[in-house]
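Each chain, letter by letter, is given below.
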Amino acid sequence: MTHVEDELNSQPECWSRAAAQAPSHAPVLPAAGERVAVVGCGTSYFMAQAVAALREGAGQGETDAFAASEFPYHRAYDRVVALTRSGTTTEVLGLLGRLKGGTRTTAVTADPAAPVMSLADETVVLDHADERSVVQTRFATTALTLFRAHLGLHTDAVVEDGRTALADPLPEGLVDRAQFTFLGRGWSVGLANEAALKMREAALAWTEAYPAMEYRHGPISITTSTTATWMLGDAPEGLARQVRDTGGLWIEGTLDPLAELVRVQRLAVAVAAARGLDPDRPRHLTRSVVLAP
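What you see is a predicted model; the values in this text were computed from it and never measured.

K.L.:
Residues and numbers for the layout of surface pockets, please.
P.N.:
In this model, the largest pocket occupies a volume close to 380 Å³. In terms of lining residues, the largest pocket is bounded by 23 residues, among which Cys 41, Gly 42, Gln 136, Arg 287 and Val 289 are the most central. Of all the elements in the fold, those that place two or more residues in the lining of the largest pocket are helix 3 (43–57), helix 4 (90–99) and helix 8 (188–203). In terms of residue count, the dominant contributor to the lining of the largest pocket is helix 8 (3 residues). A per-class count over the lining of the largest pocket returns 8 nonpolar, 10 polar and 5 charged.

In structure tokens form, the structure reads like this:
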């Protein structure tokens, strides 16, 4: 078993632990009414998108998401939350250093010894979700679970759906598809973006991601009998039929969107194996992007 397989299989237990810890972390997480920006790089940026949509949708306050390298320093926020598994990513550290002494910052990381610990005003360490793999799985979903629990949006049913996602077989014929499109709505748009990234990283697959209602506005034109379109969350009315009419394979998201992401992680590993790739050694990638001065 690869590191990424081992780590993605541990996610339901990681989620339960993070949810149980959420009340103790509440003092350093965004309070209701705060104007917040959530930042990250790569997978963490896509989780930031999901967190921002969930928080604003829950009526907790205006919440934006940015890639750390694209943060708008001219905007005023009550708090900036940085998601960073390694706590060493150059863009995140640079952002926190620039904000230090001004905007209040919170970092969510997996490593209690990382440089981010001294740059952020406050920290949350999810070391039980740390990973050996380059390809992120459990840290990202555990960090998102922490915020869902903080917002009162996590239930035991999510954990059960996670276990189902690990136990049930993947749809027949899915591994052989040539192209994969992932769709989301609201907070699951970030998950769709992350699903596509997992397929690129682990399996070098041709993947795309869109808000579900945008799929009709051009992207559906590439759908053929060799593609699969996977919906994370509830689909817009009529979209499944339209995709099937193209000859494409439609995958309905029947589980909680976070659990659907686990199914995609499994697909990425399966496609990698079918193509003779090692998902623990993704091409041109390292566990953290640390840029030379």
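K.L.:
Describe the nonpolar core, and please don't skip the residues or the numbers.
P.N.:
Core analysis: the largest hydrophobic core is formed by 56 residues, its most contacted members being Val 108, Leu 144, Phe 180, Phe 182, Leu 191 and Met 199. With 9 residues, the top contributor of residues to this core is helix 10 (residues 257–274). The contact partners of Phe 182, leaving out residues within four places of it in the chain, are Ala 192, Ala 195, Ala 196, Met 199, Thr 207, Glu 208, Ala 209, Tyr 210, Trp 230, Leu 232 and Val 264. Judged by nonpolar contacts, the second largest core, of 17 residues, contains Ala 68, Phe 71, Val 92 and Ala 107.

K.L.:
So what about the side chain of Gln 179? Which residues, and what values?
P.N.:
Tracing the backbone shows Gln 179 in strand 6 (residues 179–184). Judged by relative accessible area, Gln 179 falls into the buried class, the value being 1%. A distance of 3.0 Å separates polar atoms of two side chains, one belonging to Gln 179 and the other to Thr 181. If we skip the residues at most four places from it in the chain, Gln 179 touches Trp 206, Glu 208, Ile 222, Thr 226, Thr 227 and Ala 228.

K.L.:
Got a sec to walk through unusual backbone geometry? Specific residues and values, please.
P.N.:
Glycine aside, residues mostly have negative phi angles, and peptide bonds mostly take the trans form. Even without being glycine, Leu 204 reaches a positive phi, approximately 55 degrees. On the basis of relative accessible area, Leu 204 is assigned to the partly exposed category, the value being 38%.

K.L.:
Explain the pairing of strand 5 (residues 122–125) to me, using residue names and the numbers behind them.
P.N.:
Residues Glu 122 and Val 124 point to one face of strand 5 and are all buried, whereas Thr 123 and Val 125, pointing to the other face, are not buried. Two elements, strand 4 (residues 104–109) and strand 5, share 4 bridges in a ladder whose sense is parallel. In the strand pairing of strand 5, Ala 107 is matched with Thr 123.

K.L.:
Could you give me a rundown of helix 8, with the residues and numbers involved?
P.N.:
The end-to-end C-alpha separation of helix 8 is 22 Å, in line with the 22 Å expected for 16 residues at 1.5 Å each. Among the 16 residues in helix 8, 15 count as buried, and that is most of the element. Following helix 8 by one or two positions, Leu 204 adopts a phi angle in the positive range, close to 55 degrees.

K.L.:
Describe the sheet that holds strand 6, and please don't skip the residues or the numbers.
P.N.:
Strand order in the open sheet formed by 4 strands is 7-6-8-9, and the pairing between neighbours is parallel. If you trace the sheet from one side to the other, it starts and ends with strand 7 (206–211) and strand 9 (249–251), each paired once. With direction set aside, neighbouring strand axes in the sheet form an average angle of 20 degrees. Where strand 6 meets strand 8 (residues 227–232), 6 bridges bridge the pair, whose relative direction is parallel. Looking across to strand 8, one finds that Thr 181 is bridged to Thr 229. Its contacts with the sheet put helix 10 on strand 6, strand 8 and strand 9, and the angle it makes with strand 8 is roughly 155 degrees.

K.L.:
Account for the sheet that holds strand 1 (residues 36–40), naming residues and giving values.
P.N.:
Ordered by their spatial adjacency, 5 strands build an open sheet running 2-1-3-4-5, and the pairing between neighbours is parallel. Every other strand in the sheet has two partners, leaving strand 2 (63–67) and strand 5 as the edge strands with one partner each. Neighbour-to-neighbour, the strand axes of this sheet turn through a mean angle of 20 degrees, independent of strand direction. Alignment of strand 1 against strand 3 (residues 79–83), held across 4 bridges, turns out to be parallel. Residue pairing for strand 3: Val 39 is matched across the bridge by Ala 82. Taken strand by strand, helix 4 contacts strand 1, strand 3 and strand 4, and its axis lies near 160 degrees from that of strand 3. Its contacts with the sheet place helix 6 (residues 138–150) against strand 3, strand 4 and strand 5, and it is angled at close to 135 degrees to strand 4.

K.L.:
Outline empty space enclosed by the protein, supporting the account with residue identities and numerical values.
P.N.:
What the rule picks out here adds up to 2 cavities of 30 Å³ or more. Roughly 40 Å³ of volume is contained in the largest cavity. Around the largest cavity, the lining residues are Pro 30, Val 36, Val 38, Val 51, Arg 55, Val 81, Phe 147, His 150 and Leu 151. Those elements that provide at least two residues to the lining of the largest cavity are strand 1, helix 3 and helix 6. For the lining of the largest cavity, the residue count by class is 7 nonpolar, 1 polar and 1 charged. In this structure, the second largest cavity spans a volume of roughly 30 Å³. Contributing to the lining of the second largest cavity are Val 4, Val 135, Thr 137, Lys 198, Ala 202, Gln 265, Ala 268 and Val 269. Contributing elements (two or more residues each) for the lining of the second largest cavity: helix 8 and helix 10. Here the element with the most residues in the lining of the second largest cavity is helix 10; it accounts for 3 residues.

Thresholds applied
Residues numbered from 1 in each chain as written. Predicted model: local features only at pLDDT ≥ 70, side-chain atom pairs only at ≥ 80, totals over all residues. Heavy atoms only, no water. 1 Å grid on protein atoms, 1.4 Å probe; cavity = no way out; pocket = protein on both sides within 12 Å on 5 of 7 lines; lining within 4 Å. Points joined across faces, edges and corners; volume = space filled by probe spheres on them. Helix = DSSP H or I, 4+ residues; strand = E, 2+ residues; numbered from the N terminus. Nonpolar A, V, L, I, M, F, W, Y, C, P; charged D, E, K, R; others polar. Core = buried A, V, L, I, M, F, W, Y, C linked by side-chain atoms within 4.5 Å. Buried < 20%, exposed > 50% of the residue type's maximum accessible area, 1.4 Å probe, protein only. Contact = heavy atoms within 4.5 Å. Polar contact = N/O pair within 3.5 Å; in protein donor to acceptor, adjacent residues only side chain to side chain. Pairing = 2+ DSSP bridges. Expected span 1.5 Å × (residues − 1). Axes fitted to C-alpha atoms, helices over the stretch in contact; angles between N-to-C directions.

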